[in-house]
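An overview of the molecular structure
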Amino acid sequence: MSTPENPQPVTIGEIKTEAELFQALAIREVVFIEEQHVPEGIERDAEDAKAYHVLAFQGGHAIGTGRLVMVPEPPPGESGTWGKIGRMAVLKAHRKARVGAMLLTTLEDEARRRGVKGIVLHSQLYALEFYKKQGYEPVGPVFQEAGIDHLEMRKKL
């Protein structure tokens with residue numbers, strides 16, 4: 001997808017090289033650590049090593065990222081194999097251009113390929129409407145993660 005400010009299309013692809021992973025981590029650093037003041041020690045975790053990561057590019061530049069991890073057991077009240085989408089981050093200049101929706105769709109497509117029955121994610125409160133538009137439903141009370149209010153959201157596939 002292109003935007004009036006940048007007519008070049010956005011492409012989303014699986015991260016396949018260490019260099020691409022470093023680009024994703026750099027985006028996460030800008031969005032989570034610099035903008036949202038998430039402590040660096042918790043932004044990166046052991047899940048990064050086994051996650052399916054994607055990167056959004058526009059005009060040869062990495063502009064967004066996200067990841068999918070398989071969870072060891074389904075959420076309470078659910079059955080089957082579930083995945084968790086997280087670390088969704090889009091650089092500020094590229095927000096409002098549907099990059100987040102493209103990243104989410106790509107991660108959901110991978111989850112389907114893996115036979116996942118549903119997706120769980122932790123949404124920051126400001127992003128609730130974005131996820132609701134993508135078919136996610138809030139579950140449970142607001143909780144703190146990295147000092148930021150979140151809600152668990154789920155979507156059955």
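Refer to the structure presented above.
A brief look at the structure comes next. Since we're looking at a predicted model, the values are computed, not measured.

Before going further, it helps to examine the sheet that holds strand β2 (residues 52–58). The sheet built from seven strands is open, its strands ordered β1-β2-β3-β4-β5-β7-β6 with mixed pairing. A single partner strand is all that each edge strand has here, and the edge strands are β1 (10–14) and β6 (137–145). Recorded for the sheet is a direction-independent mean angle of 25° between the axes of neighbouring strands. Sheet analysis places β1 next to β2, joined by five bridges and oriented antiparallel. Counterpart to V10 in the pairing with β2 is Q58. Its contacts with the sheet place helix α3 (residues 99–113) against β1, β2, β3 (61–70), β4 (82–90), β5 (118–124) and β7 (148–156), and it is angled at close to 155° to β4.

To continue, consider the environment of M153. Note that M153 resides in strand β7. Once the C-alpha coordinates of M153 and Y131 are considered, the two residues, 22 residues apart in sequence, prove to be 8.0 Å apart. Residues within four places of M153 in sequence aside, it is in contact with I119, V120, L121, S123, L128, Y131, K132, Y136, E137 and P138.

Taken as a whole, this structure holds 17 salt bridges when the rule is applied. Note that R87 and D45 form a salt bridge whose closest N and O atoms lie 3.0 Å from each other. Linking R87 in strand β4 with D45 in the loop between α2 (40–43) and β2, this pair joins segments that are 42 residues apart in sequence. The exposure class assigned to R87 is partly exposed, which follows from its relative accessible area of 22%. Among the ionic pairs, R114 bridges to E110, the shortest N-O distance being 2.8 Å. Take E110: its relative accessible area is 11%, and that puts it in the buried class. Residues joined by salt bridges that share partners form a network here, namely R28, E43, D45, D48, R67 and R87.

A separate point is the environment of H37. Inspection of the secondary structure assignment puts H37 in the loop between α1 (18–35) and α2. In this structure H37 comes out as exposed when scored by relative accessible area, which is 62%. Once the C-alpha coordinates of H37 and G147 are considered, the two residues, 110 residues apart in sequence, prove to be 8.8 Å apart.

All right, on to the pairing of β2 then. Along β2, six of the seven residues are buried, which leaves the element largely enclosed by surrounding structure. Sheet analysis places β2 next to β3, joined by seven bridges and oriented antiparallel. Directly across from Q58, in β3, lies its bridge partner H61. Taking the residues between adjacent antiparallel strands as the criterion, β2 and β3 are bridged by two residues, where G59 takes a positive phi near 60°.

Definitions and cut-offs
Residues numbered from 1 in each chain as written. Predicted model: local features only at pLDDT ≥ 70, side-chain atom pairs only at ≥ 80, totals over all residues. Heavy atoms only, no water. Pairing = 2+ DSSP bridges. Helix = DSSP H or I, 4+ residues; strand = E, 2+ residues; numbered from the N terminus. Axes fitted to C-alpha atoms, helices over the stretch in contact; angles between N-to-C directions. Contact = heavy atoms within 4.5 Å. Salt bridge = Lys/Arg side-chain N within 4 Å of Asp/Glu carboxyl O. Buried < 20%, exposed > 50% of the residue type's maximum accessible area, 1.4 Å probe, protein only.

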